[in-house]
Amino acid sequence: MGDRALGAYSLAVTCDDTILEIVPPISGGTTAEFSGQPTQSIHGCAANLAAFQGNRLDGPAGTVNMARALLRVKERVEPGTTATVTVDVNSIFDTGGVSLGGHPASLVVTVGSCPSDCDRNGSVTVDELIRGVNTAFGLGDANDCAASDADGNGSVTVDDVIRGVTAALDGC
Ligand SMILES: [Ca+2]
Ligand SMILES: [Ca+2]
């Protein structure tokens, strides 16, 4: 924000909703003036959010943390897949109502691999391990849980399940 005080913003977030989805609600930022939940609408991996602050006129300036969004990876996405998250600025104003301009920003995220974390929520549960075991013993659908195939070689073996167990015990 430079030395200008941030008064209000309206942003649009977009990403590939075959890979990611935004988990509602988007929360406020860590900067006190923008810590309240922004006004928002979320559809899959597209969100519009806006907020203003009427607390003070001389701040916040510099680096302002305006909002925090949690992105969830869709279930069947392979580890290593990349997705671009784009933030477009609809409008952004200082506390005097003067536009600060603003440039679109984007970042590329890479889907991490946590063995056996079928729903990609960052932890491995017993039922997720069972899905892997079933697949390893030919009882389940091999496409049931992409994360069961820990080494990504196309088949689920005891090895893969053991990596899943380790992730369940020690975390991803
Ligand atoms: Ca999980
Ligand atoms: Ca494997």
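The notes below deal with the structure included here. (Residues numbered from 1 in each chain as written. Chains lettered and ligands numbered in written order. Predicted model: local features only at pLDDT ≥ 70, side-chain atom pairs only at ≥ 80, totals over all residues.)

### Here's the deal with the packing of helix α1 (residues 126-136) against helix α2 (residues 158-170)
Each pair of packed helices gets described by two things: the angle between the helix axes and the distance between those axes.
Part 1 of the argument: For the pair α1 and α2, interaxial distance at closest approach is 9 Å and the crossing angle is 175°. The angle between α1 and α2 places the two elements in the roughly antiparallel class. On the side of α1, the interface is formed by Leu129, Gly132, Val133 and Ala136, while α2 contributes Val158, Asp160, Val161, Gly164, Val165 and Ala168.
Part 2 of the argument: By residue class, the composition of the contact of α1 with α2 is seven nonpolar, two polar and one charged. (Axes fitted to C-alpha atoms, helices over the stretch in contact; angles between N-to-C directions. Helix = DSSP H or I, 4+ residues; strand = E, 2+ residues; numbered from the N terminus. Parallel < 35°, antiparallel > 145°, perpendicular 65-115°, else oblique. Contact = placed C-beta atoms within 7 Å. Nonpolar A, V, L, I, M, F, W, Y, C, P; charged D, E, K, R; others polar.)

### Remarks on the sheet that holds strand β3 (residues 39-43)
Part 1 of the argument: Here five strands make up an open sheet; going across it, the order is β3-β4-β1-β6-β7 and the pairing antiparallel. In this open sheet, the two edge strands, each paired with only one partner strand, are β3 and β7 (105-110). Ignoring strand direction, the axes of neighbouring strands in this sheet form an average angle of 15°.
Part 2 of the argument: By the bridge criterion, six bridges tie strand β6 (residues 82-94) to β7 in an arrangement that is antiparallel. Paired with threonine 84 across the strands is valine 108, a residue of β7. (Pairing = 2+ DSSP bridges.)

### Observations concerning the environment of glycine 36
Part 1 of the argument: Relative to the elements of secondary structure, glycine 36 occurs in the loop between β2 (20-28) and β3.
Part 2 of the argument: A count of 15 C-beta atoms within 10 Å places glycine 36 in the partly exposed class.
Part 3 of the argument: Each C-alpha atom, one on glycine 36 and one on isoleucine 162, is 43 Å from the other, the two residues being 126 residues apart in sequence.
Part 4 of the argument: With residues up to four places along the chain from it excluded, the contact list for glycine 36 reads Gly28 and Ala51. (Buried ≥ 20, exposed ≤ 12 C-beta atoms within 10 Å, placed from the backbone.)

### With respect to the nonpolar core
Part 1 of the argument: If you look at the biggest cluster of nonpolar residues, it comprises 20 residues, and the most contacted ones within it are Leu20, Ile22, Ile26, Ala47, Ala67 and Ala69.
Part 2 of the argument: Elements with a contribution of two residues or more to this core: β1 (6-14), β2, β4 (46-52) and β5 (67-73).
Part 3 of the argument: Considering every element that reaches this core, the biggest residue donor is β1, with four residues.
Part 4 of the argument: In this structure alanine 47 touches Val13, Ile22, Ile26, Gln40, Ser41, Ile42 and Ala69, once residues within four positions along its chain are discounted. (Core = buried A, V, L, I, M, F, W, Y, C linked by C-beta atoms within 7 Å.)

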